[in-house]
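Working through the structure, step by step
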Amino acid sequence: MASSKSTTTPDASGQHELLIIGGGVAGLTAATFTARAGIETMVINDGETVLRRNAHLENVPGFPAGVNPRRFADMLRAQATRNGAEYQTGTVTELAGDIDNGFTATITGGQASDDTENATVDGENTEPTRELTADRVLAASFPDAEFLDGYDIDTRTADSKQYAEAGELGRTEVEGLYVAGRLAEHYHQAVIAAGDGAEAAITLIHDSDIPFYNDWVAPEGYWTDRGREVPPGCEEIDPTEQRARQEAAMAAMQEYFAASHDQQQRTFPSLVDDERNRLDWER
Ligand SMILES: Cc1cc2nc3c(=O)[nH]c(=O)nc-3n(C[C@H](O)[C@H](O)[C@H](O)COP(=O)(O)OP(=O)(O)OC[C@H]3O[C@@H](n4cnc5c(N)ncnc54)[C@H](O)[C@@H]3O)c2cc1C
């Protein structure tokens, strides 16, 4: 069920207002904010967040006894799609374009959730490629984003990683192109990645023409009792709506935590011959 805040309507032509590259902690948190602000948001994700390799997540706010990281990752994705973001799998291999002409991402493999937009078979390669176009792009992938190579963005290489320099609040030197999370070389902690995704998303919302004050849900009368308009991005809800949302939230949480998660964590990908088969879990 989508939140009543969402005004997102997918564009049937395949043109998106925003493409988020990477559906991990930063990307999915960003998607929740942009979709809730009414920006038509497509997340493209090629595999799994590194958080799924964690054994038990114990330092994310709101879970005093910790939480299964794969459950947490599932819930992050559900939160983004529930608020109106779309989600597809695939690897972004190339990015081109700019804010004036639109950005085009070339995607290899994976699956489009609705139809395979512009799907082609790429020469010898049997993996189908497709293109997605968007007005803006937020990159929140791993710190090895070759698809950014065509852009004049400051990068820093360390070990096998290549980080993209995030300017002020997630902007880059390229208008309309934002970076967040590990790719932007922020601390390797889930809550930092989430906050960073949210910050870049709110910057992007401010840079668009959408009026926005804060993403807040307040009780009925919070502003209007003082003769004020409800600020853009905010809403007031009455006690009936508040109760309905709380009951829906309780039902959803009971479902998420009714049983233990059935997916094991993978180990580090370079451990290719693991006799305990810890790389072969179904994704
Ligand atoms: C073993 C382990 C344990 C950890 N434990 C903790 C912990 O206890 N507490 C804590 O706070 N943090 C922990 N972390 C760190 C935390 O998981 C990361 O800091 C966080 O996931 C970073 O978020 P992110 O969104 O930047 O990257 P990710 O969450 O990794 O998301 C990046 C996403 O981008 C996708 N992607 C990459 N390239 C492409 C591409 N070209 N096209 C499309 N998609 C792409 C990836 O598949 C991935 O889903 C742990 C990490 C590991 C590895």
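Before any of the text, the structure's been laid out above.
My aim in this report is to walk through the structure given alongside it, one point at a time. Just so it is clear, the model here is predicted, and its values are computed rather than measured.

Turning next to the overall build of the protein chain. When its secondary structure is counted, the protein chain shows 4 helices and 12 strands. Within the protein chain, the fraction of its 283 residues that count as buried is 33%. Excluding contacts between residues fewer than 6 apart, the proportion of contacts in the protein chain whose partners are at least 24 apart in sequence is 57%.

Turning to helix H3 (residues 190-207), a few remarks are in order. With 18 residues, H3 should cover 26 Å at 1.5 Å per step; its first-to-last C-alpha distance of 26 Å lies within 8% of that length. Listed as buried for H3 are Ala190, Ala193, Ala194, Asp196, Gly197, Glu199, Ala200, Ala201, Ile202, Thr203, Leu204 and Ile205. Buried residues in H3 make contact with helix H1 (25-36), strand E7 (128-139) and strand E10 (177-179).

Surrounding the ligand, one finds 32 residues, the nearest of these being Gly22, Gly24, Thr49, Gly181 and Ala193. Of all the elements in the fold, those that place two or more residues in the shell around the ligand are H1, strand E2 (41-45), strand E4 (91-98) and H3. Residue composition of the shell around the ligand, grouped by class: 14 nonpolar, 14 polar and 4 charged.

Right, let's get into the environment of Ile39. Within the secondary structure, Ile39 sits in the loop between H1 and E2. By C-beta crowding, Ile39 is classed as buried, having 23 other C-beta atoms within 10 Å. Spatially, the C-alpha atoms of Ile39 and Ile210 are 8.4 Å apart, while their sequence positions differ by 171 residues. Beyond its immediate chain neighbours, meaning those up to four positions away, Ile39 contacts Glu17, Leu18, Thr34, Ile205, Ser208 and Ile210.

What follows covers the nonpolar core. Core analysis: the largest hydrophobic core is formed by 52 residues, its most contacted members being Leu19, Ala30, Leu138 and Ala139. Looking at which element gives the most residues to this core, the answer is H3, with 8 residues. Aside from chain neighbours lying at most four places away, what touches Leu19 is Met42, Ile44, Phe103, Ala105, Leu132, Ala134 and Val137.

Moving on: the packing of H1 against H3. Direction vectors running N to C along H1 and H3 enclose 40°, while the axes themselves pass 7 Å from each other. Along this stretch, H1 crosses H3, giving a crossing that reads as right-handed. Taking contact as the criterion, the partners of Val25, Ala26, Gly27, Thr29, Ala30, Phe33 and Thr34 in H1 are, on H3, Ala190, Ala193, Ala194, Asp196, Gly197, Ala198, Ala200, Ala201, Ile202, Leu204 and Ile205. Split into classes, the residues belonging to the contact of H1 with H3 amount to 13 nonpolar, 4 polar and 1 charged.

This part takes up the packing of H1 against helix H2 (residues 69-82). In the contact formed by H1 and H2, the axes pass within 8 Å of each other and the chain directions differ by 25°. The orientation of H1 with respect to H2, classified from their angle, is roughly parallel. For the pair H1 and H2, the sense of crossing is left-handed. Residues Val25, Leu28, Thr29, Ala31, Thr32 and Ala35 of H1 pack against Leu76, Arg77, Gln79 and Ala80 of H2. Of the residues assigned to the contact of H1 with H2, the class counts are 6 nonpolar, 3 polar and 1 charged.

This part is about the pairing of E4. Direction of pairing for E4 relative to strand E5 (residues 102-108): antiparallel, over a ladder of 7 bridges. From the neighbouring strand, Glu94 faces E5, where its bridge partner is Thr106. Counted between consecutive antiparallel strands, the loop separating E4 from E5 contains 3 residues.

Time to look at the pairing of strand E8 (residues 155-158). Strand residues, when the strand is regular, have side chains that alternate between the two faces of the sheet. Relative to strand E9 (residues 161-164), E8 runs antiparallel, the two sharing 4 bridges. By the bridge assignment, Ala158 is partnered in E9 with Lys161. In textbook terms, the turn of a hairpin is the stretch between consecutive antiparallel strands, and for E8 and E9 this stretch comprises 2 residues, one of which, Asp159, has a positive phi near 55°.

Cut-offs and rules
- Residues numbered from 1 in each chain as written.
- Predicted model: local features only at pLDDT ≥ 70, side-chain atom pairs only at ≥ 80, totals over all residues.
- Helix = DSSP H or I, 4+ residues; strand = E, 2+ residues; numbered from the N terminus.
- Buried ≥ 20, exposed ≤ 12 C-beta atoms within 10 Å, placed from the backbone.
- Contact = placed C-beta atoms within 7 Å.
- Expected span 1.5 Å × (residues − 1).
- Near = placed C-beta within 6 Å.
- Nonpolar A, V, L, I, M, F, W, Y, C, P; charged D, E, K, R; others polar.
- Core = buried A, V, L, I, M, F, W, Y, C linked by C-beta atoms within 7 Å.
- Axes fitted to C-alpha atoms, helices over the stretch in contact; angles between N-to-C directions.
- Left-handed = near helix turned anticlockwise from the far one by under 90°.
- Parallel < 35°, antiparallel > 145°, perpendicular 65-115°, else oblique.
- Pairing = 2+ DSSP bridges.

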